[in-house]
Amino acid sequence: MNKKVKVLVYGYGNPGRQDDALGIEMAERIKEWAEKNHFDNIETDTNYQLNVEDAEKVSKKDVVVFVDATQEDIHEFKFSRLQPSSEKVEFSMHSVSPDYVLHVCKELFNKTPKSCQMAIKGYRWDFKEGLSDNAKLNLEQAFQYLTRRLEQYIDTQVHYPISMLSK
Amino acid sequence: MSKKITIEPVTRVEGHGKVTIYMDDQNNVRESRLHIVEFRGFERFVQGRPYWEMPVLVQRLCGICPVSHHLAAAKALDVIVGAGAGDGLTAVGEKMRRLMHYGQFFQSHVLHFFHLSSPDFLFGFDGDPLKRNIIGVAMENRELAVQGVMMRKFGQEVIRLTAGKKVHGTGAVPGGINKNLTIEERDELLKGPDPMNADKMVEWSVAALDFFKGYHKANRKMVDEFAAFPSNHLSMVRKDGAFDIYHGVLRAVDAEGKIILNDVDYQDYENYIEEEVRDWSYMKFPYLKEYGKEQGWYRVGPLARLNVCDFMPTPLAQKEFEEYKAYTNGKPNNMSLHYHWARLIEVLHCAEVIRDLLNDPDLQNEDLVVKGEKRHRGVGVLEAPRGTLFHHYEINDDDLVTLANLIVSTTNNNEPMNRAVNHTANAMLNGHTEITEGMMNAVEVAIRAYDPCLSCATHALGQMPLEITMINNENRIVDHKTK
């Protein structure tokens, strides 16, 4: 692995709302995996939601993967490239979108790390802790995919464009 | 023909709300209401759960101010485990909680001012909506925008290091805390490389106040007159009358400054505060029992806190407080947009307190928890960023929660927010047949001054587009706008 590439895997959601914890669970599994494999260039972070100040953290990375749960009608998970965007300005600001974080990062810190979003399908959102069985299966598949892609990408990132990360 | 105008959601407030303005056939405002659209019933949800789960469980209320709920619940449970009502903890226990709380206050107020409100000041209420956000601020004043981001980050770091983690922190437990602050953690906040240290936060807090005061000087009439109306004010104060957001007694003053609730013990809050239910809103309307529904409603939050307290117990904030009080000749300040001025004085105070606490060696003590004789009822009250927050729990012999009552800050401000909307609607909408962007935003600015957390007040989830619907007295839609 090219350990000069600084990677951030940022999982967000509310672990008190069942499958909303998928992003955080993924970040914790990636942290464990990175430590086990001595990938000390891979950092993880978690929070209830993305905030504007995350732009500063993101500005110090080469590659960022935002991981969140989704209710969308997709299969196990979706992996897509992100670009800074001001098209959807989040006025409420307590919770901002990944592309808005990138936009703030670009405007305030003059940096645009290569970024992707991983959305993992969830099913249950009650006031409970713990993932549903189907969400656990989706998390496992998403984890296998993400670790494989991170290894491939980090090894060869000089030659591979970020689009290679797209599912 | 009368019309009903609905604005939803209110943008740039925490959570989601809807404003309905009823117009008469002369196009004058007949009535206005700030609606809450969903109810989550959290108080029912926690019944039957073990009491010690509460400080972590209540953080599920929302992701905006989990620390306030975490600490209010812990304070209530201090009483239940026999550790006293807010003043019985060990030195490290109380000071770690205070550090966490002041860190939360700091970052929350910074978010509100820099990201939610400063765009209004820079671009005006009728400015381009696409500019009225932090990127717009950056285009106009890059330094200000970067400061806002870094101050938020500093406050979040204080929370992380005191609560243990950013999500579902466990720093406070019944009777104390579960970790102290190591020397390394202390130095991270005290001596971090610029700008991430306590001294820089104090410096930038002064600069933010100067920014607001400059704006005020240039726009005095608007800032002073916008949604200004008299009210009572409620807050917690230290027993000697000092500003204190973690522990103290409840005090209220009327619009002229007369004390109408005189430093009472919050364990007895039910003797003094009543909540009214209205059929058109899920959010209750609290009021002082003694003065009734019509006369007993009050404001909470920064404006109220500075109206109620006698002094600020840090030097720079005290200096600003004196200037602030002199502006109204020592009388209570009833100007809604002065919430921002008061909020920034609180930001400065928090920065000073954080710096002082970090220099306090008690934070490295190891006597983390105290316990005493168990009780079945406990009330925890503190000043959350948005205002006074009440947590009340009762348990049975099996240690399970049998009753929970929460009066959150935004609920305390329900009546004044409705009045602010009404005041603004009358000023901006009377005689008009069309709703402009500037008019809509003025209504929102009035609400935003109170920094409401509607998701917290009603425990709502979900997002909606902004919609404006005009409905006539025959219940027919005559106009509809979205953004």
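Residues numbered from 1 in each chain as written. Chains lettered and ligands numbered in written order. Predicted model: local features only at pLDDT ≥ 70, side-chain atom pairs only at ≥ 80, totals over all residues. Heavy atoms only, no water.

Trainee: Please give an account of the sheet that holds strand S14 (residues 401–407) of chain B that cites residues and values.
Mentor: Residue and element names in this part refer to chain B. Pairing within the open sheet is antiparallel, and its 3 strands lie in the order S12-S13-S14. On the outer flanks of this sheet lie strand S12 (377–384) and S14, each paired with one strand and no other. Taking the axes of each pair of neighbouring strands and ignoring which way they run, one obtains an average angle of 10° across the sheet. Two strands pair when backbone bridges link them, and strand S13 (residues 387–395) and S14 are joined in this way by 6 bridges, in the antiparallel orientation. Residue Phe390 lies in a different strand from S14, and its bridge partner there is Ile407. On the sheet, helix H3 (residues 66–80) packs against S12 and S13 and is oriented at approximately 150° with respect to S12. (Pairing = 2+ DSSP bridges. Helix = DSSP H or I, 4+ residues; strand = E, 2+ residues; numbered from the N terminus. Axes fitted to C-alpha atoms, helices over the stretch in contact; angles between N-to-C directions. Contact = heavy atoms within 4.5 Å.)

Trainee: Help me get a handle on the layout of surface pockets, residues and values and all.
Mentor: Considering only enclosed or pocket space, the second largest pocket measures out at about 870 Å³ in volume. For the second largest pocket, the lining is made up of 37 residues, of which A:Thr44, A:Asp45, A:Thr46, B:Arg160 and B:Lys166 are closest to its centre. The biggest single contributor to the lining of the second largest pocket is helix H1 (residues 22–36) of chain A, with 7 residues. Split by residue class, the lining of the second largest pocket holds 10 nonpolar, 7 polar and 20 charged. (1 Å grid on protein atoms, 1.4 Å probe; cavity = no way out; pocket = protein on both sides within 12 Å on 5 of 7 lines; lining within 4 Å. Points joined across faces, edges and corners; volume = space filled by probe spheres on them. Nonpolar A, V, L, I, M, F, W, Y, C, P; charged D, E, K, R; others polar.)

Trainee: Give me a negative patch on the surface: which residues, what numbers.
Mentor: Residues and elements named next belong to chain A. Residues Glu25, Glu28, Glu32 and Glu35 make up a contiguous surface patch of negative charge. Along the polypeptide, Glu25 turns up in helix H1. Given a relative accessible area of 31%, Glu25 falls into the partly exposed group. (Patch = residues over 30% accessible without salt bridge, like charges linked within 9 Å, V, L, I, M, F, W, Y side chains within 5 Å. Areas by Shrake-Rupley, 256 points an atom, 1.4 Å probe, with all protein chains shown as cover. Salt bridge = Lys/Arg side-chain N within 4 Å of Asp/Glu carboxyl O. Lys, Arg positive; Asp, Glu negative; His and termini not counted. Charge placed at Lys NZ, Arg CZ, Asp CG, Glu CD. Buried < 20%, exposed > 50% of the residue type's maximum accessible area, 1.4 Å probe, protein only.)

Trainee: How would you summarise the domain arrangement of chain B if you had to cite specific residues and measurements?
Mentor: Put simply, an interface is often sized by how much accessible area is lost when its parts join up. All names here are of chain B. Its domain assignment divides chain B into domain 1 (3–40 + 432–482) and domain 2 (91–165 + 180–225 + 336–347). If you look at the interface, domain 1 gives 11 residues, while domain 2 gives 17 residues. Put simply, domain 1 and domain 2 have 0 salt bridges between them. Connecting domain 1 to domain 2 are 2 residue pairs in polar contact (both at pLDDT 80 or more). Taken together, the residues that form the side of domain 1 that touches domain 2 break down as 4 nonpolar, 2 polar and 5 charged. (Domains from an automatic or database assignment. Polar contact = N/O pair within 3.5 Å; in protein donor to acceptor, adjacent residues only side chain to side chain.)

Trainee: Explain the packing of helix H8 (residues 198–218) of chain B against helix H13 (residues 338–358) of chain B residue by residue, including any values.
Mentor: Residues and elements named next belong to chain B. Closest axis-to-axis distance for the H8/H13 pair is 9 Å, and the angle between their directions is 170°. One way to sum up the angle between H8 and H13 is to call them roughly antiparallel. With respect to the hand of their crossing, H8 and H13 are arranged in left-handed fashion. Every residue of H13 that contacts H8 at Ala198, Asp199, Met201, Val202, Ser205, Val206, Ala208, Leu209, Phe212, Lys213 and His216 is listed here: His338, His340, Trp341, Leu344, Ile345, Val347, Leu348, Ala351, Glu352, Arg355 and Leu358. When the residues that make up the contact of H8 with H13 are grouped by side-chain class, the tally is 14 nonpolar, 4 polar and 4 charged. (Parallel < 35°, antiparallel > 145°, perpendicular 65-115°, else oblique. Left-handed = near helix turned anticlockwise from the far one by under 90°.)

Trainee: How would you sum up the nonpolar core? Please name residues and give values.
Mentor: One finds A:Phe66, B:Phe106 and B:Phe154 to be the most contacted residues of the largest nonpolar core, which totals 109 residues. Residue contributions to this core peak at 13 residues, all from H13(B). Residue-level mapping places this core at the junction of two domains, with at least three residues from each of domain 1 (3–40 + 432–482) and domain 2 (91–165 + 180–225 + 336–347) of chain B. Residues B:Leu71, B:Ile80, B:Leu89 and B:Leu406 belong to the second largest nonpolar core, which totals 31 residues. (Core = buried A, V, L, I, M, F, W, Y, C linked by side-chain atoms within 4.5 Å.)

Trainee: Lay out the pattern of salt bridges with the relevant residues and their values.
Mentor: Residue and element names in this part refer to chain B. Inspection of the entire model under this criterion finds 38 salt bridges over all chains. The salt bridge involving Glu53 is made with Arg49; its shortest N-O contact spans 3.0 Å. One salt bridge connects Lys95 with Asp362, and the closest N-O pair in it is separated by 2.6 Å. Residue Lys95 is found in helix H4 (residues 91–123), and its partner Asp362 is found in the loop between H13 and S12; the two are separated by 267 residues along the sequence. Owing to a relative accessible area of 22%, Lys95 belongs among the partly exposed residues under this scheme. The exposure class assigned to Asp362 is partly exposed, which follows from its relative accessible area of 22%.

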